[in-house]
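# Observations on the model geometry
So you can see what is in the structure, the chains are spelled out below.
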Amino acid sequence: MKNSLYLILALVFLSACGYENQKVPAEKSIESMNNQDHLIMSALFVQSAAEYKAQCYQAYNTASYRLIEKL
C-alpha cells in the first residue's frame, strides 16, 4: 500500500515539473531570453560605484586583520 502511494506521489510530482513552461507564450519567452539589462547594470555598478570599491577595501582589511590575528 505504501509503495503504491509513493509511486502515485512521484508520478504527480514529475508530471507537474514542466507545467509552468507550457503556459508561457512564445513571444514572452524569447523577449525574456534577450533581456540582458541586469547584466549590463551589474557590470556598470562594479566599474563605477564607490560603494563597491569601499566594500572591496573593507573585505581586504578584514581578511588581513583576521590573518594577523590567527598567525
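Residues numbered from 1 in each chain as written. Predicted model: local features only at pLDDT ≥ 70, side-chain atom pairs only at ≥ 80, totals over all residues. Heavy atoms only, no water.

## Some points on the overall build of the protein
Looking only at helices and strands, one finds five helices and zero strands in the protein. Reading the protein from its N end, one meets helices and strands in the order α-α-α-α-α. Within the span of the protein, comprising 71 residues, buried residues form 1% of the whole. If you sum the accessible surface of the protein, you get close to 7200 Å²; carbon and sulfur atoms cover 64% of it. (Helix = DSSP H or I, 4+ residues; strand = E, 2+ residues; numbered from the N terminus. Buried < 20%, exposed > 50% of the residue type's maximum accessible area, 1.4 Å probe, protein only. Areas by Shrake-Rupley, 256 points an atom, 1.4 Å probe, with all protein chains shown as cover.)

## Some words on the packing of aromatic side chains
Overall, the coordinates contain one aromatic pair when judged by the stated rule. Look at phenylalanine 45 and tyrosine 52: their rings are 6.3 Å apart centre to centre, the planes differ by 70 degrees, and that puts the pair in the edge-to-face class. (Phe/Tyr/Trp six-rings, centres within 6.5 Å; stacked < 30°, edge-to-face > 60°.)

## Quick notes on a nonpolar patch on the surface
Where nonpolar side chains cluster on the molecular surface, the patch consists of Ile40, Met41 and Leu44 and spans about 300 Å² of accessible area. Along the chain, methionine 41 turns up in helix H4 (residues 37-48). For methionine 41, a relative accessible area of 54% gives the class exposed. (Patch = residues over 30% accessible without salt bridge, like charges linked within 9 Å, V, L, I, M, F, W, Y side chains within 5 Å. Salt bridge = Lys/Arg side-chain N within 4 Å of Asp/Glu carboxyl O.)

## A closer look at the confidence of the model for the protein
Confidence in the prediction for the protein averages 78 pLDDT; 62% of positions are at 70 or higher. Per-element mean pLDDT across the protein ranges from 57 in helix H2 (residues 19-23) up to 95 in helix H5 (residues 50-70). (pLDDT = per-residue confidence, 0-100.)

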